[in-house]
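Listed below are the residues making up each chain.
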Amino acid sequence: MNLLTAQILYRLFRAAGRPKVLPFNYTISLTSRCNYRCATCRIWAEPLPELTVEDYRKVFASLGRSPYWVTFSGGEPFLRDDLEDVISMFCRICRPKIVNIPTNGSLPDRIKDVVKRLVKGYKGIRFIVNVSIDSVGPKQDQIRGSTGAYARASETVRSLKEINLPNLTVGIGTVISSQNVDSFASDRKTLLSLNADSLVAEIAEERAELNNQNSSISPTPEQYRSAADVLISETAQSKKKGAAGLVQAFRKQYYQYVSRVLSGAAGLKCYAGTASVQIMPDGKVWACCIKGDEMGSLRDFENDFKKLWLSPKADAVRRSIKDRACACPLANAAYTNMMLDLRTSLQVLRDLLFGT
């Protein structure tokens, strides 16, 4: 499905409820378990039961070839002993274009071994492994609540880079929060020296998923704008071409979009529950991880996602999101919303053609 076709289909789906199509952007949260105690997250505080490999087999069969882009998240996904089995099965059944795996980088050897086998086994799929690093040295350890967190994350980046295969992108993901915003610019210089393929950043948010409501972790709009200026300056200094250039152009739009939303501007139309969706570890399906709007439980539909997606309750959640017209800077949903927004797409095209 090309971008123009997607814009037409999902705009109609959101506006009129027809045609009913499956999403193309999935976040599959495999576990709420985590071996860190981060200052910005309490997902570990309420352990959830987890779907089994056989459960996922049924779920993935019901998705068919609809997934274009999937994120396998946690908690810490590499704590699941069967992580490789789950992702490998998904790749065989659904054949996505992009598989994204965020990790805290706490298990360098295991992460490298699993990723290497997946990347070698599915050469037609682009794998992106983003190692979460919010600061450098002892400050990273403090934010992540674990001594040695920075050393382990740095080692994970280095070991993943050693795989050196064309369908693997090794990234560093930074959450800009009240904990690190003041040192963000200087930290960024150190993180660049780790030679990851990409450095991405998103703003810390209070999410139902992370059990961190009322935590005051988000930076002020002024603080975020300062960090965003650093990020936008980086894109101007290292213009990329081809697919990498497209990704870079969307990132630039995202950083600018977050600044506008934090300043009170209206957000883009939200396609959560329409083009993007989140499957929780226990099989509950959420439109997005901020509000936690539950569309149903896969267990009530014999793990048939399509039946759940077409259910009256899922329709009601989509209507509520449309009526609420909420706007948030959640990166995963925001990128989907930008792809389906004609004005943003044209701005990305302008950046690619003219570098402005």
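Definitions and limits used
- Every chain is numbered independently, its residues counted from 1 as its sequence is written.
- Side-chain atom pairs in this predicted model are given and counted only at pLDDT of 80 or more, local residue features only at pLDDT of at least 70, and totals for whole chains, interfaces and linings cover all residues.
- Values shown for side chains rest on all heavy atoms present in the structure; no hydrogens or waters enter the calculation.
- Helix numbers and strand numbers start at the N terminus; a helix is a DSSP run of H or I with at least 4 residues, a strand a run of E with at least 2.
- Values of the radius of gyration come from C-alpha atoms, whereas the globule rule sets the reference at 2.2 Å times the count of residues to the power 0.38.
- Here's how the labels work: a residue is buried when its accessible area is under 20% of the maximum for its type, exposed when over 50%, partly exposed in between, all with a 1.4 Å probe on protein chains only.
- Pairs of residues are marked as contacts when any of their non-hydrogen atoms sit within 4.5 Å.
- A 1.4 Å probe and the Shrake-Rupley method give the accessible areas. Residues count as covered only by the protein chains that appear here.
- The convention used is that axes are lines fitted to C-alpha atoms, helices contributing only their stretch in contact, and that angles between N-to-C directions extend from 0 to 180 degrees.
- In these notes the angle categories are as follows: under 35 degrees is roughly parallel, over 145 is roughly antiparallel, 65 to 115 is roughly perpendicular, and the rest is oblique.
- Each helix crossing is assigned a hand: it is left-handed if the near helix lies turned anticlockwise from the far helix by less than a right angle, otherwise right-handed if that turn is clockwise.
- Gly counts as polar in this scheme, as do all residues outside two lists: the nonpolar Ala, Val, Leu, Ile, Met, Phe, Trp, Tyr, Cys and Pro, and the charged Asp, Glu, Lys and Arg.
- Buried residues of nine kinds, namely Ala, Val, Leu, Ile, Met, Phe, Trp, Tyr and Cys, make up a nonpolar core once their side-chain atoms join them within 4.5 Å.
- Strands are treated as partners if at least two bridges between them are detected by DSSP.
- Within this analysis, patches are made of residues with over 30% relative accessible area and no salt bridge. Like charges are joined at 9 Å or less; nonpolar side chains (Val, Leu, Ile, Met, Phe, Trp, Tyr) at 5 Å or less.
- Take a side-chain nitrogen of Lys or Arg and a carboxyl oxygen of Asp or Glu: if they are within 4 Å of each other, that pair is a salt bridge.
- When two rings of Phe, Tyr or Trp (its six-membered ring) have centres within 6.5 Å they constitute a pair, described as stacked for plane angles under 30 degrees, edge-to-face for angles over 60, and tilted for the intermediate range.
- Criterion for a charge above a ring: Arg CZ or Lys NZ at most 6 Å from the ring centre, at most 35 degrees from the ring normal.
- Residue count minus one, scaled by 1.5 Å, sets the expected span of a helix.
- An arc is given here, and it is the one of the directions from the helix axis to the C-beta atoms.

**Structural notes on the overall build of the protein**
The helix and strand inventory of the protein stands at 13 helices and nine strands. Here the protein has a C-alpha radius of gyration of 19 Å; the compact-globule value for 356 residues is 21 Å, and the two agree. Seen through its principal axes, the protein has C-alpha atoms that stretch 50 × 45 × 40 Å. Out of the 356 residues belonging to the protein, those deemed buried represent 54%. Put simply, of all contacts in the protein between residues at least 6 apart along the chain, 75% involve residues at least 24 apart. Of the roughly 15500 Å² of accessible surface on the protein, a fraction of 53% belongs to carbon and sulfur atoms.

**Regarding the packing of helix α3 (residues 83–94) against helix α4 (residues 108–121)**
Where α3 meets α4, the closest approach of the two axes is 11 Å, and the angle between their N-to-C directions is 20 degrees. Between α3 and α4, the crossing angle belongs to the class labelled roughly parallel. The two elements α3 and α4 cross, and the hand of that crossing is right-handed. Between α3, through L83, E84, I87 and S88, and α4, the contact on the second element is made entirely by R110, V114, R117 and L118. Residue composition of the contact of α3 with α4, grouped by class: four nonpolar, one polar and three charged.

**What to know about the nonpolar core**
Judged by nonpolar contacts, the single largest core of 75 residues is most densely connected at I28, F60, F72, F127 and F305. Among the elements that take part in this core, α3 stands out by supplying seven residues, more than any other. Non-local contacts of I28, meaning those with residues more than four positions away in its chain, are made with Y56, F60, V70, T71, F72, S73, F90 and I279. I176, A249, A334 and Y335 belong to the second-largest nonpolar core, a separate cluster that totals 23 residues.

**Considering the pairing of strand β6 (residues 198–203)**
The side chains of a regular strand alternate between both faces of the sheet. Extensive coverage of β6 is indicated by the burial of five of its six residues. When strand β5 (residues 168–176) meets β6, the two strands line up parallel, connected through six bridges. What sits directly across from I172, in β6, is L199.

**Points about a nonpolar patch on the surface**
Residues L246, L342, L346, L349, L352, L353 and F354 make up a contiguous nonpolar surface patch of roughly 690 Å² in combined accessible area. No other element matches the six residues that helix α13 (residues 342–354) contributes to the nonpolar patch. Structurally, the position occupied by L353 is in helix α13.

**Quick notes on the pattern of salt bridges**
Evaluated as defined, the whole model comprises 15 salt bridges. Its salt-bridge partner being R80, residue E50 comes within 3.7 Å of it at the nearest N-O pair. Taken together, the positions of E50 in the loop between β1 (25–29) and α2 (53–63) and R80 in the loop between β2 (69–73) and α3 put the pair 30 residues apart, joining distant regions of the chain. E50 sits in the partly exposed class, given a relative accessible area of 24%.

**Digging into the packing of helix α9 (residues 242–262) against helix α12 (residues 331–339)**
Two elements in contact, α9 and α12, have axes separated by 10 Å at closest approach and are oriented at 110 degrees. Between α9 and α12, the angle is such that the two are roughly perpendicular. For the pair α9 and α12, the crossing hand works out as right-handed. For the pair α9 and α12, the contacting residues are F250, R251, Q253, Y254 and Y257 in the first and A331, A334, Y335, M338 and M339 in the second.

**A short note on the side chain of S29**
Summarising the element assignment, S29 is placed in strand β1. Once you skip the residues sitting within four places of it in the chain, S29 turns out to touch Y56, S73, G74, E209, Q278, I279, M280 and P281.

**Section: the packing of aromatic side chains**
Enumeration over the complete set of coordinates arrives at eight aromatic pairs. Taken together, a centroid distance of 5.5 Å and an interplanar angle of 25 degrees make the contact between Y56 and F60 stacked. Of this pair, Y56 and F60 both sit in helix α2, four residues apart, which is roughly one turn of that helix. Of the residues examined, Y56 reaches a relative accessible area of 0% and is grouped as buried. Within the aromatic cluster, the residues linked to one another by ring pairs are Y56, F60, F72 and F90. Over the ring of W44 we find R37; its NZ or CZ atom is 4.1 Å from the centre of that ring.

**Some points on the environment of K307**
Locating K307 in the fold gives a position in helix α10 (residues 305–309). Residue classification places K307 among the partly exposed positions, given a relative accessible area of 48%. Residues K307 and T274, 33 residues apart in the sequence, show an inter-C-alpha distance of 14 Å.

**Let's talk about helix α1 (residues 3–16)**
Relative to the 20 Å expected for 14 residues at 1.5 Å per residue, α1 spans 20 Å between its end C-alpha atoms, a close match to the ideal helical length. Listed as buried for α1 are A6, Q7, Y10, F13 and R14. Viewed along the axis of α1, the buried residues span an arc of 145 degrees, placing them on a single side of the element. For α1, the exposed residues set more than 90 degrees away from the buried face come down to L4, A15 and A16. The inward-facing, buried residues of α1 abut α10, α11 (312–324), α12 and α13.

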